[in-house]
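Residue strings, one per chain:
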Amino acid sequence: MKSLFTVIEFTIKEAVKRKSFIISMIIILGIIVIGFNVPNMISALSGDDNEKTSILIIDEDNIFGEELIEINSSDEDYDYTMSKKNYSNEELDKMFENKEYDSCVRFKKENEKIVIDYIAKSLLMGDSIPESLLENFQMQYTAKKIEEAGITPEQLQAMFTQFEVNTIQTDENAGTGNILVMMLLSIVLFYAIYFCAYQISTSITTEKTSKIMEALVTSTSPKMIVLGKTIGIGILGIFQVIIIATVAFLSAKTFLPDGILDSIINMSNITPTLCLVTLVYFLLGYLTYAFLYALTGSMVSKPEDINSANSPIAVLAVIGFYLSYFSMMNPASNINKFAAIFPFSSPFCMPFRILMGSASNSEIITSILILFITILIIAKVSIKVYSSAILNYGTKMNFKNIFKICKSNKD
Amino acid sequence: MGLSVENVSKSFIDKKAVDNISFKIEKPGVFALLGTNGAGKTTTIRMMLGIIKKDSGIIQWNGKDVDRKNVNFGYLPEERGIYPKTKIFDQLLYFAKLKGMNKKEADKEIDYWLERLKLKEYKYQTAEKLSKGNQQKVQFITAIIHSPELIVLDEPFSGLDPVNTQILKEIILELVDKGKYIVMSSHQMNTVEEFCDDIVILDRGKTIIKGNLEDIKDTYPITKLEIVTKDDITSLIKSEKMTLKENKNRKYIVQFSDRTQADALLKKLIDKNISIEKFELLKPTLHEIFIEKVGEN
């Protein structure tokens, strides 16, 4: 047991000291801090540009009557000037040239239709009439016509009564719409598998390549080495996730406007039981893939072979990850019931099903039990292959050879 | 007491690596496990250390079956390995702790051995910055840091310069004085002769010779003679119908078929008042025995 802690300690220390670890952490944390600051940066960059866009509005056909339009002056980006005069395009161009106006909106009547021209010096940047201005005109024109028809404001309000929608679910245990937190957890689990568990195979192959294995297996048991590496890299992964989550949370709190974070992540549906079950799935999911990676790490002899040996596991993880999204869209389908039981996808899928209230207790227990047994089997095979194949330098390992070696090295 | 290997065999997928070998190491000292490449030495060592399981036979240490959990062995493998990016102190501490030492003991031993093997200046350097020989000395420390009862050294001198070879030889002799059992596998026969009392020679997984080195040599007839003299004795050697094998720097190596020829030559040298610095009947060397035995097979 003491040697297990020694392996864990050494694994963590070695990983933390690696330049790649330090650089990747700095980059990730930098991206998070910068990412949450993007809105502030954009406003800071555009902050100097305080000049409003000035727009000339021409109503040459007197569409809006004499008591002309009250422009909604709440739109701080634009300055409006109203005119009944008809200007030619040349005159307008001169005005644009002299910076009197930036653009012009011209209303005219054609065959009882109202046509709006938007005129600017250059439309290369895709300029068009501001939406707020258009809405304002439409509302005022409609109001004018309604008033002309003799309808009172009360009658108008009665006509346009808006429906109020309430959503009510009958199953009290069922979760509701906000599954963003679960999606985040799913991404974190995928990260743990893809980047952390992956390191186990790299670490084992590196020790095999550097020929240190032989001295190592005479110093402690292979079981302690595999378990120590798996737990050590797991702890480091959790530590990384906590740091990343903390920095992300603090950045969001500091840099985003108040209330935005609460509106994105609604924690009201996340019960302690769900947290616990999710954590169990997270740990079991990590262990499943970690031992699979230990197996592939033991099977290859050269670092350049790791990627090809690990690709089937990466494919399994990707399938599991996407099945969890499929669960989200269609929780009642049979494929999802299977995915929630199948040990390589259940860590991704089951927390979603539980959140959505579509998993029964028996399903959860069965799924955890299958996952647990799978981990035991994979761990046993991994340790066996590790202690047998690790001394096979150079020989390409296939499953037939591994089976024979394990058999010939049977206790 | 000691190590006992009895009728041990091991086969791999397509080959019998070790075939019914037996030997015993009953008292502290250096025991040589010799053989050509692929003779089964490393497989035997790995079975002794419990890294791989034997197919049949018994391997016991102090009367108990060998199991890595209950023995305190040290091992310098032939396949040298080291963590290239890790500091020397950190890797020595790692191995010391894996072998059950606490931090305080380990610190003390690390300092002692780094000083002893002239590696102190590299204590906080990464292993990749060390020369191959120095890396090998670091690995030697990992094998002995926990003061094991049985130490297995697979080619301990390969790649070492004469100064470091001498340091290592002195340490091995010290370990023997402290009552350690050392199993050494080497292709350097002169080094083995210098250290080892008992030997076993393997060839293609089988034992072809084993026992006390001097006893083995005694079973071979003496057919060579070494004479060191300033005078030219070539004609006297020829007169006794002996073959001159080597004549360099006043040293004559002479081969004969009958011991009486050597006696007769000595008598002639004395009668002729020739100044003799050395006159020695040469027992066969381990190298010659090895070549002869392995060559036969």
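Remember, predicted model here, so these are calculated numbers, not experimental data. (Residues numbered from 1 in each chain as written. Chains lettered and ligands numbered in written order. Predicted model: local features only at pLDDT ≥ 70, side-chain atom pairs only at ≥ 80, totals over all residues.)

## Some thoughts on the overall build of chain B
Within chain B, the secondary structure is distributed over ten helices and 14 strands. Overall, chain B is about 70 × 45 × 35 Å in size when its C-alpha atoms are taken along their principal axes. Counting across all 297 residues of chain B, residues that qualify as buried make up 36%. Here the contacts in chain B between residues at least 6 apart in sequence split such that 67% fall between residues at least 24 apart. (Helix = DSSP H or I, 4+ residues; strand = E, 2+ residues; numbered from the N terminus. Buried ≥ 20, exposed ≤ 12 C-beta atoms within 10 Å, placed from the backbone. Contact = placed C-beta atoms within 7 Å.)

## What to know about the confidence of the model for chain B
Per-residue confidence for chain B gives a mean pLDDT of 88; residues scoring 70 or more make up 98%. Listed scores for the predicted complex are pTM 0.74 and ipTM 0.79. (pLDDT = per-residue confidence, 0-100.)

## Brief notes about the environment of V381 of chain A
By secondary structure assignment, the location of V381 of chain A is in helix α14 (residues 361-389). Remark: the alpha-carbon pair of V381 of chain A and L295 of chain A, spanning 86 residues in sequence, is separated by 7.5 Å.

## Quick notes on the domain arrangement of chain B
Residues and elements named next belong to chain B. In terms of domains, chain B is made up of domain 1 (3-218) and domain 2 (224-296). Placing the centre of domain 1 and that of domain 2 at their C-alpha centroids yields a distance of 38 Å. Listed as interface residues are twelve residues of domain 1 and, on the opposing side, nine residues of domain 2. Split by residue class, the side of domain 1 that touches domain 2 holds eight nonpolar, one polar and three charged. (Domains from an automatic or database assignment. Nonpolar A, V, L, I, M, F, W, Y, C, P; charged D, E, K, R; others polar.)

## Side note on the pairing of strand β3 (residues 29-35) of chain B
Residues and elements named next belong to chain B. In terms of residue burial, β3 counts as a mostly covered element, since six of its seven residues are buried. Pairing of β3 with strand β8 (residues 181-185) involves four bridges; the strand directions are parallel. Counted as the bridge partner of V30 is I182 from β8. As judged from the six bridges shared by β3 and strand β9 (residues 196-203), these two strands associate in the parallel manner. Within the sheet, the bridge partner assigned to F31 lies in β9 and is D198. (Pairing = 2+ DSSP bridges.)

## Here we look at the interface of chain B and chain A
In this complex, chain B contributes 25 residues to the contact, which on the side of chain A involves 22 residues. Elements that contribute at least two residues to the side of chain B that touches chain A include exactly β1 (3-12), β6 (73-76), α2 (88-98) and α4 (132-144) of chain B. Per-element accounting of the side of chain B that touches chain A gives the leading share, four residues, to α2 of chain B. Of the residues in the side of chain B that touches chain A, the class split is 14 nonpolar, five polar and six charged.

## Some points on the sheet that holds strand β2 (residues 78-83) of chain A
Two strands in a sheet stick together by hydrogen bonds in their backbones, pointing the same way (parallel) or opposite ways (antiparallel). All names here are of chain A. Read from one edge to the other, the open sheet built from four strands follows the order β2-β1-β3-β4, with strand pairing classed as mixed. Each having just a single partner strand, β2 and β4 (113-120) make up the two edges of the open sheet. Between one strand and the next, the sheet's axes are offset by a mean angle of 20°, whatever the strand orientation. Of the pairings in the sheet, the one linking strand β1 (residues 53-59) to strand β3 (residues 103-110) comprises five bridges and is parallel in character. Directly across from L56, in β3, lies its bridge partner C104. (Axes fitted to C-alpha atoms, helices over the stretch in contact; angles between N-to-C directions.)

## Focus: the nonpolar core
Ranked by internal contacts, the top residues of the largest apolar core, which has 126 residues, are A197 of chain A together with V152 and I182 of chain B. Looking at which element gives the most residues to this core, the answer is helix α10 (residues 272-299) of chain A, with 13 residues. With near-sequence residues (within four places) excluded, V152 of chain B lies in contact with I45, M48, L49, F73, Y75 and V183 of chain B. By size, the runner-up hydrophobic cluster in this structure holds ten residues, among which are I233, M242, F256 and L265 of chain B. (Core = buried A, V, L, I, M, F, W, Y, C linked by C-beta atoms within 7 Å.)

## Structural notes on helix α3 (residues 103-116) of chain B
All names here are of chain B. For α3, spanning 14 residues, the distance from its first C-alpha to its last is 20 Å, which sits close to the expected 20 Å at 1.5 Å a residue. Within α3, burial applies to A106, I110, W113 and L114. The buried residues of α3 occupy one face: seen down the axis, they fall within an arc of 100°. Facing away from the buried side of α3 by over 90 degrees, the exposed positions are K104, K108, Y112 and E115. If you follow the buried residues of α3, they end up packed against α2 and α4. Downstream of α3 by a residue or two, K118 has a phi angle that is positive, lying close to 55°. (Expected span 1.5 Å × (residues − 1). Arc of directions from axis to C-beta.)

## Quick word on the sheet that holds strand β13 (residues 251-255) of chain B
Residue and element names in this part refer to chain B. Strand order across the open sheet formed by four strands is β12-β13-β11-β14, with antiparallel pairing between neighbours. With one partner strand each, in any of the chains shown, β12 (243-248) and β14 (276-282) form the two edges of the open sheet. Recorded for the sheet is a direction-independent mean angle of 15° between the axes of neighbouring strands.

## Comments concerning unusual backbone geometry
All names here are of chain B. Positioned with a positive phi, S147 is a non-glycine residue whose angle comes to about 50°. Counting through the fold element by element, S147 comes out in the loop between α4 and β7 (150-154). The phi dihedral of K241 falls on the positive side, at around 60°, and the residue is not glycine. As for its placement among the helices and strands, K241 is situated in the loop between α8 (234-239) and β12. Exposure remark for K241: the 11 C-beta atoms within 10 Å place this residue in the exposed category.

## Details of the packing of helix α6 (residues 180-209) of chain A against α10 of chain A
Residue and element names in this part refer to chain A. Between α6 and α10, the shortest axis-to-axis distance is 8 Å and the interhelical angle comes to 30°. The pairing of α6 with α10 is recorded here as roughly parallel in orientation. Between α6 and α10 lies a crossing of right-handed hand. Each of L185, L189, A192, I193, A197, Y198, I200, S201, T202, I204 and T205 in α6 lies in contact with α10, whose residues at this interface are T278, F282, G285, Y286, Y289, A290, Y293, A294, T296, G297 and S298. Residue classes in the contact of α6 with α10 are distributed as 14 nonpolar, eight polar and no charged. (Parallel < 35°, antiparallel > 145°, perpendicular 65-115°, else oblique. Left-handed = near helix turned anticlockwise from the far one by under 90°.)

## A few points about the packing of α6 of chain A against helix α13 (residues 346-355) of chain A
Residue and element names in this part refer to chain A. The N-to-C vectors of α6 and α13 enclose an angle of 170°; their axes lie 10 Å apart at closest approach. With respect to α13, the element α6 is oriented roughly antiparallel. Residues M182, L185, S186 and L189 of α6 touch α13, and the partners they reach there are P347, F348, P351, F352 and L355.

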